[in-house]
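Close look at the chain arrangement
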Amino acid sequence: SSDLDHLSSGAVDLLILGRRAPTQFSSQLLFTDRFVCAVAADHKLARRRQLSLSEYLRFPHIRIDIERRGQHLIERTLGNPRNVAISTPFHAFAPEMLAGTDLVLTFPARLSPRFSDSSHISIIQAPPELPELPFYSVWHPRLDNDPSRGWLRDVTRAVAAA
């Protein structure tokens, strides 16, 4: 069962989604991020400030698949031109997979400080054709007027703004 099923059943009070929620749920835009790319420090593209779309598509990719179902935002925007060599649900381990490869990893810019002190990867601006990445808090409408869930949404919004 999906996270949205857990919202419907009441098992989960609040979800943070990197896409717009289905219309039967209540939601609020928390922030919008952009994509950056990471490559091994000795990758041909490692010295670039920003990748062109053709450079980006020339190399194999690690795709972060947090949700197993549905199409990734990048594929929904570009069609299916990426050669995905590895698919993983985890952002944390993906940069470790880059060393000694020509793989390209695409991830939200807000996560880049975690990897910026790493000498074995290089972080580069993603092609401008890649979409922005909106993050929403999502909840079931039956919780719209629940004071404790309203407090949780307020705290979530404050943390996202900071």
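This text goes with the structure placed above it.
Cut-offs used in this document
Residues numbered from 1 in each chain as written. Predicted model: local features only at pLDDT ≥ 70, side-chain atom pairs only at ≥ 80, totals over all residues. Heavy atoms only, no water. Phe/Tyr/Trp six-rings, centres within 6.5 Å; stacked < 30°, edge-to-face > 60°. Buried < 20%, exposed > 50% of the residue type's maximum accessible area, 1.4 Å probe, protein only. Lys NZ or Arg CZ within 6 Å of the ring centre and 35° of its normal. Pairing = 2+ DSSP bridges. Helix = DSSP H or I, 4+ residues; strand = E, 2+ residues; numbered from the N terminus. Axes fitted to C-alpha atoms, helices over the stretch in contact; angles between N-to-C directions. Lys, Arg positive; Asp, Glu negative; His and termini not counted. Salt bridge = Lys/Arg side-chain N within 4 Å of Asp/Glu carboxyl O. Contact = heavy atoms within 4.5 Å. Core = buried A, V, L, I, M, F, W, Y, C linked by side-chain atoms within 4.5 Å. Patch = residues over 30% accessible without salt bridge, like charges linked within 9 Å, V, L, I, M, F, W, Y side chains within 5 Å. Areas by Shrake-Rupley, 256 points an atom, 1.4 Å probe, with all protein chains shown as cover.

Concerning the packing of aromatic side chains
Under the counting rule described, the total for this entry stands at two aromatic pairs. Consider the rings of Phe 90 and Phe 93, whose centres lie 5.8 Å apart with planes at 70°: the pair is edge-to-face. Residue classification places Phe 90 among the partly exposed residues on the basis of a relative accessible area of 47%. Over the ring of Phe 31 we find Arg 110; its NZ or CZ atom is 3.6 Å from the centre of that ring. The lysine or arginine in question, Arg 153, covers the ring of Trp 139, its NZ or CZ lying 4.3 Å from the ring centre.

Looking at the sheet that holds strand β7 (residues 121–125)
What the five strands build is an open sheet, ordered β5-β4-β6-β3-β7; its pairing is mixed. Each edge of the open sheet is held by one strand with a lone partner, namely β5 (84–88) and β7. With direction set aside, neighbouring strand axes in the sheet form an average angle of 30°. Pairing between strand β3 (residues 35–40) and β7: five bridges, direction antiparallel. In the strand pairing of β7, Cys 37 is matched with Ile 124.

Side note on the side chain of Arg 153
Tracing the backbone through its elements, the reader meets Arg 153 in helix α4 (residues 147–161). For the buried Arg 153, no salt bridge is present, and the opposite-charge side chain at shortest range is Asp 144, 5.3 Å distant. Beyond its immediate sequence surroundings of up to four residues, Arg 153 is in contact with Leu 14, Trp 139, Leu 143 and Asp 144.

With respect to the nonpolar core
Across soluble globular proteins, nonpolar side chains have a tendency to be buried as a group. Counting 19 residues, the largest nonpolar core has Phe 35, Cys 37, Leu 51, Tyr 56, Val 104 and Leu 130 as the members making the most contacts within it. Of all elements in the fold, only β2 (26–33), β3, α3 (73–78) and β8 (133–139) reach the threshold of two or more residues within this core. Looking at which element gives the most residues to this core, the answer is β3, with three residues. The residues touching Val 104, leaving out its near neighbours within four places in the chain, are Cys 37, Ala 38, Val 39, His 43, Tyr 56, Phe 59, Pro 60, His 61 and Ile 62.

What to know about a nonpolar patch on the surface
Taken together, the side chains of Trp 151, Val 155 and Val 159 make up a nonpolar region of the molecular surface, amounting to roughly 320 Å² of accessible area. Secondary-structure assignment places Val 159 in helix α4. Its relative accessible area of 60% is what places Val 159 among the exposed residues.

Overview of the sheet that holds β8
With antiparallel pairing, three strands are arranged side by side in an open sheet as β1-β8-β2. On the outer flanks of this sheet lie β1 (15–17) and β2, each paired with one strand and no other. Sheet twist, expressed as the mean angle between neighbouring strand axes with direction ignored, is 25°. Bridge count for β2 against β8 is seven bridges, and the pairing is antiparallel. Bridged to Thr 32 within β8 is Pro 134. Where α4 meets the sheet, its contacts fall on β1, β2 and β8, and the angle it forms with β2 comes to roughly 10°.

With respect to the pattern of salt bridges
One pass over the structure, following the stated rule, counts seven salt bridges. Taking the shortest distance from any N to any O, the salt bridge between Arg 157 and Asp 154 comes out at 2.5 Å. Note that Arg 157 and Asp 154 are positioned in helix α4 at a spacing of three residues, about one turn of the helix. When salt bridges with common partners are traced through the structure, they connect Arg 63, Asp 65, Glu 75 and Arg 82 into a single cluster.

Things to note about the pairing of β8
A large share of β8 lies buried, amounting to seven of its seven residues. With burial as the criterion, each face of β8 is covered, one bearing Leu 133, Phe 135, Ser 137 and Trp 139 and the other bearing Pro 134, Tyr 136 and Val 138. Here three bridges tie β1 to β8, and the two strands are oriented antiparallel to one another. The residue bridging Ile 16 from the neighbouring strand is Ser 137, located in β8.

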